[in-house]
Amino acid sequence: MQWQILEKAACVRTLVMVSKLGHCLNDLLFRHRIGALPIDLRMVVSNHNDFAELSRQNHIPFHLMLVTPETKAEQEAALSQLIEAEQIELIVLARYMQVLSEDFCARYPGRIINIHHSLLPSFKGAKPYHRAYERGVKLIGATAHYVTADLDEGPIIEQGVQRVRHTFSSDDLVAIGREIETTVLATAVRWHAQHRVLLNGVRTVVFQ
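Residues numbered from 1 in each chain as written. Predicted model: local features only at pLDDT ≥ 70, side-chain atom pairs only at ≥ 80, totals over all residues. Heavy atoms only, no water.

Q: For this particular structure, what's the right way to read the nonpolar core?
A: In globular proteins that are soluble, nonpolar side chains generally tend to be buried together. By size, the foremost hydrophobic cluster in this structure holds 41 residues, and its most contacted members are Leu-25, Leu-28, Leu-185 and Val-189. Breaking this core down by element, the ones donating at least two residues are β1 (12-18), α1 (23-33), β2 (39-46), α2 (52-57), β4 (90-93), β5 (112-117), β6 (139-146) and α6 (170-193). In terms of residues, this core owes the most to one element, α6, which gives 11 residues. Residues within four places of Leu-185 in sequence aside, it is in contact with Cys-24, Leu-28, Val-92, Leu-93, Ala-94, Ile-113, Ile-115 and Ala-144. (Core = buried A, V, L, I, M, F, W, Y, C linked by side-chain atoms within 4.5 Å. Buried < 20%, exposed > 50% of the residue type's maximum accessible area, 1.4 Å probe, protein only. Helix = DSSP H or I, 4+ residues; strand = E, 2+ residues; numbered from the N terminus. Contact = heavy atoms within 4.5 Å.)

Laid out in structure tokens, this is it:
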């Protein structure tokens, strides 16, 4: 058995990573600002500069780390240095659209949370909600899970789903999907920060 004694009032030191879709980041920043999440948000890291100003408006340091196939290993090494320097305990991928290397994932087991739509594996790639609309799907949702070397297949923490009607447009599906993503990710982050999630192999047990 492995056990820990944790201080209930202590906030989890957190880093958020984002690319060009900012709905999850914006939601986390707001919840953090009003004290709705028990996290100490130390920085935002992105491979684009789109949300530098949003981070600064929320008084959170922003780090731009451009990623190419040639610089991926170098940037992950620099990211690890930031994580160690700031004693980061939780890494949140708030629609960060880069695949982390197997070595990086293995370095932080049970400490990286990702969010993605629940249209996988049928609608991988760009504009999944639009392609789901074209196929007439009846349910859309989102999944928050711990990151492992197996892409989008880590232990699931939380999921959300909503039924859609034939009267909905593709833009309606995008809007609904984003709302579900923000709620599911925030819930997973809160449960993790409250130490309610127990990893059990490829599954999780969430104490509520």
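Q: Help me understand the environment of Arg-178, please; the structure alone is not making it clear to me.
A: Here Arg-178 lies in helix α6. By relative accessible area, which is 36% here, Arg-178 ends up partly exposed. If we ignore the near neighbours within four places in the chain, the residues touching Arg-178 are Leu-21, His-23 and Tyr-129.

Q: What exactly am I supposed to notice about the sheet that holds β2 here?
A: Backbone hydrogen bonds hold the strands of a sheet together, and the pairing may be parallel or antiparallel. The sheet built from seven strands is open, its strands ordered β3-β2-β1-β4-β5-β6-β7 with mixed pairing. Lying at the two open borders of the sheet, with one neighbouring strand each, are β3 (62-64) and β7 (156-163). Strand-to-strand twist across the sheet, computed as the mean angle between neighbouring axes with direction ignored, equals 20 degrees. Seen against the sheet, α6 touches β1, β2, β4, β5, β6 and β7 and runs at an angle of roughly 30 degrees to β6. (Pairing = 2+ DSSP bridges. Axes fitted to C-alpha atoms, helices over the stretch in contact; angles between N-to-C directions.)

Q: Can you help me understand helix α3 (residues 72-85) in this one?
A: Each turn of an α-helix holds 3.6 residues, which means side chains three or four residues apart point in the same direction. Taking 1.5 Å per residue as the helical rise, α3 with its 14 residues ought to reach 20 Å, and the 20 Å between its terminal C-alpha atoms agrees with that figure. Among the structural elements, β1, β2, β3, β4 and α4 (102-107) are those in contact with the buried residues of α3. (Expected span 1.5 Å × (residues − 1).)

Q: It is not clear to me how α1 should be interpreted in this structure. Could you clarify?
A: For α1, the complete set of buried residues consists of His-23, Cys-24, Leu-25, Asp-27, Leu-28 and Leu-29. Those residues of α1 that are buried lie in contact with β1, β2, α2, β4, β5 and α6. One or two positions beyond α1, positive phi appears at Gly-35, with a value near 80 degrees.

Q: Explain the packing of α1 against α6 here, please?
A: When two helices pack together, their arrangement is given by the angle between the helix axes and the distance between those axes. The contact between α1 and α6 brings their axes to 9 Å, and the two run at 45 degrees. Our classification of the angle between α1 and α6 gives oblique. Classified by chirality, the crossing of α6 by α1 is right-handed. Counted together, His-23, Cys-24, Asp-27, Leu-28 and Arg-31 of α1 and Arg-178, Glu-181, Thr-182, Thr-183, Leu-185, Ala-186 and Val-189 of α6 form the full contact between these two elements. Within the contact of α1 with α6, the residues separate by chemical class into five nonpolar, three polar and four charged. (Parallel < 35°, antiparallel > 145°, perpendicular 65-115°, else oblique. Left-handed = near helix turned anticlockwise from the far one by under 90°. Nonpolar A, V, L, I, M, F, W, Y, C, P; charged D, E, K, R; others polar.)

Q: I keep staring at the layout of surface pockets and nothing clicks. Help me out?
A: Rolled over the atoms, a probe as big as a water molecule pinpoints where empty space is left. Approximately 700 Å³ is the volume attributed to the second largest pocket. Contributing to the lining of the second largest pocket are 20 residues, with Gln-4, Leu-6, His-192, His-195 and Val-197 lying nearest its centre. When contributions to the lining of the second largest pocket are tallied by element, the ones reaching two or more residues are α6 and β8 (197-200). With three residues, β8 is the single largest residue contributor to the lining of the second largest pocket. Residues that form the lining of the second largest pocket fall into these classes: 11 nonpolar, five polar and four charged. (1 Å grid on protein atoms, 1.4 Å probe; cavity = no way out; pocket = protein on both sides within 12 Å on 5 of 7 lines; lining within 4 Å. Points joined across faces, edges and corners; volume = space filled by probe spheres on them.)

Q: Hey, could you run me through empty space enclosed by the protein in this one?
A: Under the criterion given, the structure shown has one cavity of 30 Å³ or more. Taken as a whole, the largest cavity holds about 90 Å³ of empty space. Lining the largest cavity, in full, are Met-17, Val-45, Met-65, Val-67, Lys-72, Gln-75, Glu-76, Leu-79, Tyr-96, Gln-98, Val-99 and Leu-100. At four residues, α3 tops the list of elements feeding residues into the lining of the largest cavity. Residues belonging to the lining of the largest cavity are distributed by class as follows: eight nonpolar, two polar and two charged.

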